[in-house]
Amino acid sequence: MKTLTGLFAGMLALGVSATAVLADGAKPAPLPDAPKFDAQGQVKFVGVGDILEYKALAEYHEPDFVAALEKAGKLPPLKDRLPKEPMVYKTGNMKDGIGVYGDVMRHVIGGRPEGWNYTAGQSQGWGGIDIGLSECLTRTGPLFQVKAAELQPLPNLAKSWEWSADGHQLTMHLIEGAKWSDGEPFSADDAMYYWEKNVQDTNVHPLNGANPGTFGEGTTLEKVDANTIKWTFKAAFPTQVLYAMAYGTFCPGPAHILAPQHPSNSKNTYDQYKNAFPATYMAMPTMGAWAVVDYKPDNIVVLRRNPYYWKVDEKGNQLPYLNELHYRLSTWADRDVQTIAGTGDFSNLEQAENFVESLKKSADPAAPARLEFGQRTIGYALEFNYSANGWGETDDRSVAVHNLNRNLDFRKAVTSMLDRQRLGESLVKGPFTAIYPGGLYPGSAFFDKASTTYYPFNAGAAKAELAAAGLKDTDGDGILNFPKDMNGGKNVEITILANADYQSDKSLTEGVVAMGEKVGLRVIPKLLSGKDHDAARDTGKYDWHVIRLESEAVTAVQQTEHLAPIGPSTTYFHKAGADGKVDVMDFEQKLVDIVNKFIVAKDPKERIALMKQYQKISTDNVYWAGLTVYPGALIINKRFANVAPGAPIFMYNWAEDNIIRERVFVPKDKQSKNELFPDTLPNKPGSAPGEGLVK
Ligand code: GLA
Ligand code: CA
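Residues numbered from 1 in each chain as written. Chains lettered and ligands numbered in written order. Predicted model: local features only at pLDDT ≥ 70, side-chain atom pairs only at ≥ 80, totals over all residues. Heavy atoms only, no water.

Participant: Quick question: what am I supposed to make of the domain arrangement of the chain here?
Facilitator: Along its sequence, the chain is carved into domain 1 (48-373 + 634-670) and domain 2 (377-457 + 495-630). In this structure, domain 1 and domain 2 have C-alpha centres spaced 29 Å apart. At the interface, 30 residues of domain 1 touch 34 residues of domain 2. Approximately 2700 Å² of surface area, both sides summed, lies buried where domain 1 meets domain 2, with 57% of it carried by carbon and sulfur atoms. The three residues of domain 1 that bury the most area against domain 2 are Gln240, Glu353 and Phe650, which together make up 24% of that side's buried surface. If you look at where domain 1 meets domain 2, you find 1 salt bridge. The residue arginine 548 makes a salt bridge to glutamate 350 at a minimum N-O spacing of 3.2 Å. Counting across the interface, domain 1 meets domain 2 through 15 residue pairs in polar contact (both at pLDDT 80 or more). For the side of domain 1 that touches domain 2, the element with the highest residue contribution is helix α12 (residues 355-362), accounting for 3 residues. Looking at the side of domain 1 that touches domain 2 residue by residue, the class counts come to 19 nonpolar, 7 polar and 4 charged. (Domains from an automatic or database assignment. Contact = heavy atoms within 4.5 Å. Buried area = accessible area lost by both parts, 1.4 Å probe. Salt bridge = Lys/Arg side-chain N within 4 Å of Asp/Glu carboxyl O. Polar contact = N/O pair within 3.5 Å; in protein donor to acceptor, adjacent residues only side chain to side chain. Helix = DSSP H or I, 4+ residues; strand = E, 2+ residues; numbered from the N terminus. Nonpolar A, V, L, I, M, F, W, Y, C, P; charged D, E, K, R; others polar.)

If you want it as structure tokens, here you go:
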């Protein structure tokens, strides 16, 4: 065995830097098991056919006040408002069975509606407003209750589909004879308008980022007839795209209202098109169960039932059961407080800072709301802006930091400087938060511990890795400097973007900043609200980003396109630069190849194997640094019936979709008197707030 001094001398002779050798770099360790925490709701697993079917029923019914309006000649007869074969929800899958009409669900949100042109990227304020207004070709929220063997997106606007023998074509049959909430027919033209003038027209940016790459590069869509569309794919059987046809990437808007405003049909600029339907524009036609009838800035948005809604229960009762939805415009934290207090009806308890107080208050048997924790599906990561070819900011400092981000030693330093135990505890103490190294969440069905590389907290190792990345405090002010040939050897300053609307995002960002300081990195928070945050995220105006991950990290099958840059703008943190190309790194190219294979893999074993490879390569390379993961709880007022048991607040989608609100009802004896516009229906598109309702 060589003596230490001998080894040391040998290394000096080879020119290896002594400091880099003496301090140990980052070493992986076994991932500790998450603290035991049992989800409270028991999911009852079913097949797709147990949930719904499409068929004509012998008779249909509607609320008495709607029947009266129909009788007064203000509405066509119900059977003419419904499609030939409405979607019928099966009673057996409805926890409390056939419901009754009436009442309102009072939501509270921290967002604000920018306007109603979702198709061109306007935010409607989140919290499920858009989920209640838009319907999509397929639907995935309720899949949390579908048996693994039958797992595929639910039909929705597309009531059925079939693949060509070679798997390159997918023909979809849309619901026939359905109408928008203003009575105009819905057809394949609406789907084509969304595709051609919004997704394919890259000057338009639909809200949730649908772009041609979302459906596979080179994919085309054509109209076959009024109710049939046909997809053609480069790959054979890319069954995964059915998930991209759900919320929020294929929910067509009303072409009859939107098309006249599109720049190709008008004098509008793209910006004017996007802003053509401001928040004060009422009754934007929807295929959803409700339409907007009132809006008071910083106060409330009110939605009333859509008399043309195309879904019914098995007795032929037109849905929804609830006549009205409210969206109080407040803060996200207030959503928890109000729902617990009973002045609001629904909250996704997702900010861990509010757990203890909420649990305490809801434990009282007289509490107005029930609270049910689910699996650990809420998680945060630190994402790196990887663009060195001009996506985002291009000044010397930014480019230098992005190049550091591309350096594995640097990323190992960042992951090792993070004390994840402390980060979790800074949100909430107790068995909630768990260590999340990166890649897929530990709670994902595709998660594999053996394929997960975890670099535990070790400030010494972080410092050694920073030195290996060439960073040294050359001017002795305590902050590491770039090497001379990068940004003039100045102090390294890194911007970290986070969403200022959420306490958890802010707390985690603070934690990262403090942990960076301990190892000599100056990290500067860039806390932005709502659409400003989203704009900075989408245009890459940041170096690091603290982000609540989306469905890709839990399900892998939904939002799969976020997992690697399989198209020019499919991942949040690495989009095409000035030359239209994503400057993918070598390991990242491997991730791209894996994701592309996963999308077309039909064999479940192959899919599992591919996600293991994904997990290994992404965590070996610290593709993003996981921060923490924890369970969320659904808080819902006790008067509501038919809330699917075990509905998670987040999985394929948010709980506003998962609980299937159109089937939720309030038994007669528990109904509140909270309807603000009783006995009325949505007004004409473009009416003023609160005015001209049909009565
Ligand atoms: C916001 C909220 C989530 C959920 C979604 C729905 O992101 O934080 O809890 O309500 O909106 O889009
Ligand atoms: Ca310095």
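Participant: Is there a simple way to think about the coordination of the calcium ion (ligand 2) in this case?
Facilitator: Any two of four tetrahedral donors ideally make an angle of 109.5 degrees at the metal, while pairs among six octahedral donors ideally make 90 or 180 degrees. Distances from the calcium ion (ligand 2) to its protein donors, Asp473 (OD), Asp475 (OD), Asp477 (OD), Ile479 (O), Asn481 (OD1) and Asn491 (OD1), fall within 2.2 to 2.4 Å. Metal-centred angles of 75 to 173° between the 6 donor atoms at the calcium ion (ligand 2) mark the site as irregular. Judged by relative accessible area, aspartate 475 falls into the partly exposed class, the value being 46%. A residue is classified by how much of its surface remains accessible, and asparagine 491, at 17% relative accessible area, is buried. (Donors = N, O, S within 2.8 Å, 3.2 Å for Na, K, Ca; no water. Tetrahedral: all angles 85-135°; square planar, octahedral: opposite > 155°, others 65-115°. Buried < 20%, exposed > 50% of the residue type's maximum accessible area, 1.4 Å probe, protein only.)

Participant: It is not clear to me how the state of the cysteines should be interpreted in this structure. Could you clarify?
Facilitator: Think of a disulfide as a covalent bridge from one cysteine sulfur atom to another cysteine sulfur atom. The full count for this structure, using the stated rule, is 1 disulfide. Disulfide pairing is shown between cysteine 136 and cysteine 251; the S-S distance is 2.2 Å. Between cysteine 136 and cysteine 251, the S-S torsion sits near 80°, and that sign places the bridge as right-handed. With a gap of 115 residues between them, cysteine 136 in the loop between α6 (129-133) and β4 (138-139) and cysteine 251 in the loop between α8 (241-244) and α9 (255-258) connect regions that are remote in the sequence. Note on cysteine 136: relative accessible area 5%, which makes it buried. (Disulfide = S-S within 2.5 Å.)

Participant: For this particular structure, what's the right way to read the site of ligand 1?
Facilitator: With respect to spatial proximity, the complete set of residues near ligand 1 consists of Trp126, Gly127, Gly128, Trp332, Arg335, Asn348, Glu350, Tyr502, Arg548, Trp654 and Glu656. Take glycine 127: an N or O atom from its main chain is 3.0 Å from an oxygen atom of ligand 1. Between ligand 1 and tyrosine 502 there is a distance of 2.5 Å, counted from an oxygen atom to a side-chain nitrogen or oxygen. When ligand 1 is considered free in solution it has 300 Å² of accessible area, and contact with the protein chains removes 95% of it. Among the residues forming the shell around ligand 1, the class breakdown is 4 nonpolar, 3 polar and 4 charged. (Near = heavy atom within 4 Å. Areas by Shrake-Rupley, 256 points an atom, 1.4 Å probe, with all protein chains shown as cover.)

Participant: Mind showing me how you'd approach the pairing of strand β15 (residues 369-373) here?
Facilitator: Side-chain positions along a regular strand alternate between the two faces of the sheet. Burial of β15 is one-sided: the residues Ala369, Leu371 and Phe373 facing one way are buried, the residues Arg370 and Glu372 facing the other way are not. Sheet topology places β15 next to strand β21 (residues 633-637); 5 bridges connect them, and they run antiparallel. The residue bridging alanine 369 from the neighbouring strand is asparagine 637, located in β21. (Pairing = 2+ DSSP bridges.)

Participant: What is the right way to look at α12 in this model?
Facilitator: Each α-helix turn comprises 3.6 residues. Residues three or four places apart therefore point the same way. Listed in full, the buried residues belonging to α12 are Phe355, Ser358 and Ser362. Buried positions in α12, seen along its axis, are confined to an arc of 75° and lie on one side of it. (Arc of directions from axis to C-beta.)

Participant: Any chance you could explain the packing of helix α14 (residues 408-417) against helix α16 (residues 459-468) here in plain terms?
Facilitator: The geometry of a pair of packed helices is captured by two quantities: the angle between their axes and the separation between those axes. At a minimum axis separation of 8 Å, α14 and α16 run at an interaxial angle of 160°. Our classification of the angle between α14 and α16 gives roughly antiparallel. Like other packed secondary-structure pairs, α14 and α16 cross with a definite hand, here left-handed. For the pair α14 and α16, the contacting residues are Asp409, Phe410, Lys412, Ala413, Ser416 and Met417 in the first and Ala459, Ala462, Glu465, Leu466 and Ala468 in the second. (Axes fitted to C-alpha atoms, helices over the stretch in contact; angles between N-to-C directions. Parallel < 35°, antiparallel > 145°, perpendicular 65-115°, else oblique. Left-handed = near helix turned anticlockwise from the far one by under 90°.)

Participant: What is the right way to look at the confidence of the model for the chain in this model?
Facilitator: In low-pLDDT regions, the fine details of the predicted coordinates are not to be read closely. Scored by pLDDT, the chain has a mean of 95; 97% of the residues are at 70 or more. Averaged over each element, pLDDT in the chain is lowest for helix α1 (residues 4-14) (43) and highest for strand β12 (residues 311-313) (99). Note that pLDDT drops below 50 for residues 1-21; the model gives that stretch 6 contacts with residues more than four away or on any other chain. (pLDDT = per-residue confidence, 0-100.)

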